[in-house]
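Examining the three-dimensional arrangement
Residue-level listing of the chains:
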Amino acid sequence: MKAFTTLNGLVCPLDRANVDTDAIIPKQFLKSIKRSGFGPNLFDEWRYLDHGEPGMDNSTRPVNPDFVLNFPRYQGAQVLLARENFGCGSSREHAPWALEDQGLRVVIAPSFADIFFSNCYKNGLLPIVQPAEVVDQLFKECVASEGYRLTVDLAAQTVTTPSGQSFAFDITPHRKHCMLNGLDEIGLTLAHADKIRAFEDARKQSLPWFYV
Amino acid sequence: MTAQTLYDKLWQSHVVHEEADGTVLLYIDRHLIHEVTSPQAFEGLKLAGRQPWRVGSIVATADHNTPTDNWDKGIQDPISRQQVETLDANIREVGARAYFPFKDQGQGVIHVMGPEQGATLPGMTVVCGDSHTSTHGALGCLAHGIGTSEVEHVLATQTLVAKKSKSMLISVEGQLGAGVSAKDVALAIIGKIGTAGGTGYAIEFAGSAIRGLTVEGRMTLCNMAIEAGARAGMVAVDQATIDYVQGRPLAPTGAMWDQAVAYWKTLHSDEGAQFDAVVELKAEDILPQVTWGTSPEMVVTVADRVPDPAQEADPVKKSGIERALSYMGLTANTPVNEIPVDVVFIGSCTNSRIEDLRAAASVIRGRQKAANVKRVLVVPGSGLVKAQAEAEGLDRLFVEAGFEWREPGCSMCLAMNADRLEPGERCASTSNRNFEGRQGQGGRTHLVSPAMAAAAALAGHFVDVRSF
Ligand code: SF4
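Nothing here was measured: the structure is a model prediction, and the numbers come from that model.

Further remarks concern the overall build of chain A. In terms of regular secondary structure, chain A is built from eight helices and seven strands. Each principal axis of the C-alpha distribution contributes one length, and for chain A these read about 65 × 45 × 25 Å. For chain A, the proportion of its 212 residues judged to be buried stands at 58%. Across chain A, every contact between residues at least 6 apart in sequence was considered, and the portion connecting residues at least 24 apart equals 64%. Charge-centre separation for chain A: the mean point of 21 positive side chains lies 4 Å from the mean point of 25 negative side chains.

In this section: the sheet that holds strand β3 (residues 30-33) of chain B. Residues and elements named next belong to chain B. Strand order in the open sheet formed by five strands is β5-β4-β3-β6-β7, and the pairing between neighbours is parallel. Only two strands of the sheet have a single partner each, and these edge strands are β5 (98-100) and β7 (142-145). Along the sheet, successive strands turn relative to each other by an average axial angle of 15°, direction set aside. Of the pairings in the sheet, the one linking strand β6 (residues 125-128) to β7 comprises four bridges and is parallel in character. Among the inter-strand pairings, C128 is bridged to a residue of β7, identified as G145. Relative to strand β4 (residues 58-61), helix α3 (residues 78-94) is tilted by about 155°, and along the sheet it contacts β3, β4 and β5.

Counting residues at the interface gives 59 residues for chain A and 78 residues for chain B. A per-residue breakdown of the area chain A buries against chain B is headed by A:K31, A:I33 and A:W209, which together make up 15% of the total. The shortest N-O distance in the salt bridge between B:E152 and A:R35 comes to 3.7 Å. Applying the counting rule to chain A against chain B returns 36 residue pairs in polar contact (both at pLDDT 80 or more). When residues in the side of chain A that touches chain B are grouped by element, the largest group, eight residues, is from helix α8 (residues 193-206) of chain A. Looking at the side of chain A that touches chain B residue by residue, the class counts come to 21 nonpolar, 17 polar and 21 charged.

In this section: the site of the ligand. Residue and element names in this part refer to chain B. In the neighbourhood of the ligand, the contacting residues comprise H64, V109, H111, D130, H132, S348, C349, C410, C413, L414, N432 and R438. Tallied by class, residues from the shell around the ligand come to five nonpolar, five polar and two charged. In this structure, the shell around the ligand is formed jointly by two domains, domain 1 (6-163) and domain 3 (289-467), each of which donates at least three residues.

The buried fraction of helix α4 (residues 114-121) of chain A amounts to eight of the eight residues, a majority that puts the element mostly inside the structure. Every buried residue of α4(A) is accounted for by A:D114, A:I115, A:F116, A:F117, A:S118, A:N119, A:C120 and A:Y121.

Residue and element names in this part refer to chain A. With mixed pairing, seven strands are arranged side by side in an open sheet as β4-β3-β2-β1-β5-β6-β7. Across the chains shown, the open sheet's two edge strands, defined by having one partner strand only, are β4 (126-129) and β7 (166-168). Averaged over all neighbouring strand pairs, the angle between strand axes comes to 25°, with direction disregarded. In this structure, strand β1 (residues 6-13) lies alongside strand β2 (residues 79-81), joined through three bridges in parallel fashion. Along β2, the bridge assignment pairs V11 with V79. Sitting on the sheet, helix α5 (residues 132-144) touches β1, β2, β3 (106-109), β5 (149-153) and β7, and the angle it makes with β1 is about 80°.

All names here are of chain A. As enumerated under the stated definition, the model contains 20 aromatic pairs over all chains in all. For the ring pair F86 and F116, a centre distance of 5.4 Å and an interplane angle of 75° mean the geometry is edge-to-face. Placement of the pair is F86 in the loop between β2 and α3 (94-101) and F116 in helix α4, with a sequence separation of 30 residues. Each member of the pair, F86 together with F116, is buried.

So, about the domain arrangement of chain B. All names here are of chain B. Per the domain assignment, the segments of chain B are domain 1 (6-163), domain 2 (166-237 + 270-285) and domain 3 (289-467). The straight-line distance from the C-alpha centre of domain 2 to that of domain 3 is 22 Å. If you look at the interface, domain 2 gives 21 residues, while domain 3 gives 24 residues. It is K183, L187 and E216 that lose the most area in domain 2 upon contact with domain 3, and together they represent 32% of the buried surface on that side. Linking domain 2 with domain 3 are one salt bridge, by the criterion used here.

Residues and elements named next belong to chain A. Across all of its chains, the model carries 32 salt bridges over all chains by this definition. Of the charged contacts, one joins D22 and R92 as a salt bridge, the two residues approaching to 3.4 Å between their closest N and O atoms. Of this pair, D22 sits in helix α1 (residues 21-24) while R92 sits in the loop between β2 and α3, and the two are 70 residues apart along the sequence. With respect to burial, D22 and R92 carry one shared label: buried. D136 is the salt-bridge partner of R83, the closest N and O atoms lying 2.7 Å from each other. In this pair, R83 sits in the loop between β2 and α3 while D136 sits in helix α5, placing the two residues 53 residues apart along the sequence. With relative accessibility at 10%, the residue R83 sits in the buried group. Exposure remark for D136: the relative accessible area of 26% places this residue in the partly exposed category. Within this structure, D15, R83, D136 and K140 form a network of salt bridges that share partners.

Parameters and conventions
- Residues numbered from 1 in each chain as written.
- Chains lettered and ligands numbered in written order.
- Predicted model: local features only at pLDDT ≥ 70, side-chain atom pairs only at ≥ 80, totals over all residues.
- Heavy atoms only, no water.
- Helix = DSSP H or I, 4+ residues; strand = E, 2+ residues; numbered from the N terminus.
- Buried < 20%, exposed > 50% of the residue type's maximum accessible area, 1.4 Å probe, protein only.
- Contact = heavy atoms within 4.5 Å.
- Lys, Arg positive; Asp, Glu negative; His and termini not counted.
- Charge placed at Lys NZ, Arg CZ, Asp CG, Glu CD.
- Pairing = 2+ DSSP bridges.
- Axes fitted to C-alpha atoms, helices over the stretch in contact; angles between N-to-C directions.
- Buried area = accessible area lost by both parts, 1.4 Å probe.
- Salt bridge = Lys/Arg side-chain N within 4 Å of Asp/Glu carboxyl O.
- Polar contact = N/O pair within 3.5 Å; in protein donor to acceptor, adjacent residues only side chain to side chain.
- Nonpolar A, V, L, I, M, F, W, Y, C, P; charged D, E, K, R; others polar.
- Near = heavy atom within 4 Å.
- Domains from an automatic or database assignment.
- Phe/Tyr/Trp six-rings, centres within 6.5 Å; stacked < 30°, edge-to-face > 60°.

What follows is the structure in structure tokens.
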């Protein structure tokens, strides 16, 4: 996993509530057995005017000029601003894979769906929860000024606007540690292998029917 | 000892290790696997040179990509076939407690197959790379969906890095009216608390109306906990749960059975246990539900009208309604029972168990599919459900009414196989998600119960099944 420390990135505002994982990456792209290459199909049904299928040359497809991610001013965005309940729906990790593959590193929203939220951390994508009023303010500032960028400092747990206004955000110490250092969580867990084995052995003794 | 909730009990009995910030390693009893969310996990495991921790915890099937007709021709779509074959190869290499590959009689939608085989038992932690894993909570287990990185983590360590959720009690007291099913209860709850209402919570469903549901009905309800934003939904163990589990292929027997039952009987919230949130509904108030929009919370009763954005003050909600109406091709204030349907889908992990099929079949009573309805797919949840339905003659009732009787799988629930809506087609569906494009690009989904879906197929439009 890529480490995340600080970022000063261009912001793209996606002004919709309840953006679901089917919208983030439509199911026909879930047939891939790979982890990468989903970026060009991020928001496929909104982003292109035709129907996308795996294996198409996306560079020749007609793009939807009205979809915000296609606006010239938001090209190269690394921060996505979203509304409430972002990432609702399925557990597909293809959603964070697609966002990350597109070059996004941060999503800021008033709330996220639980599974999507934890999937993000596993992929170096930082989901940041802010109160709805703050998100609203960021939307307004972003739309009003071209080239609007935010600075995200994970160690300090802050998001800072171009005018220097700073907002704190929450993250568990465990997740922060993993993200800052780009750590493989499985390796960390296996450091507790003896404990897991002891737990399992005790369980086999007391509740053997779980193991039939 | 302080009174504990069911969730407390399930959680605490699986904590292997706890960090200072409350992050725990949670032991996983049952790991369900399907073809879509597992290939990258198996690949990651192999690349890192790791072995699966406990192969006996794995139970797998192929469901999302498999076709529901012409099984003799195999899987036509080469990319789908590759994904299913990748699962075959991974299970062959790694092993599993049980595997139900394409065309096996035990094959089915993973959340139908798990309980049916006794692969999910009360008291277990159950995970799967699939958000509707919440279904299994109906048996009094802690069950929830995980992402592919977590699938790999569970394969390698038999644990999950997790933080405890808050607890929510949703209590439904009273008796459901005739023609009102678990699906209507689920939709009514989501209509009340919203699709983010359960975010951050584990939900326990309780109350006399829930106890009155069959275990299959409880599965329908827990299945949709995720649509209310909650990762996990659960129902306490009672005699119905124990009766349901007894005799299942992977369930314990003999002395172990008695030991298990004694333990399972402790799996309920204690008297006086505290929840972080409590929501109460009256069973009598719940009527047959129909979603009108592109989120499960966009739901009304069959007696209502499609909402009018002009009546909504909140600008974000208002534009959400406008966008949904335009996607759905609906006009504000249209009575729900005047909305015609083109396609009907009876199936999915929400509503493809035997009692769902019985409910749908019971509405037919010799009638025929309406002329304006182009097709009606009935897709059983598993090979065993299919065999049972055929033994009861339900397949003939469906076929005589002009419905199509298919092979088991996820089918038009998410349209990863050939079963999908054409752009603009309107579907009465017993599945769980009405997101844009869910059943095919440009397709329009209305979520309903099996009886309501069958009634819409016969009437050609939504109709109150209680007076049909
Ligand atoms: S039936 Fe639908 S919701 Fe259920 S597992 Fe299959 S695709 Fe997912």
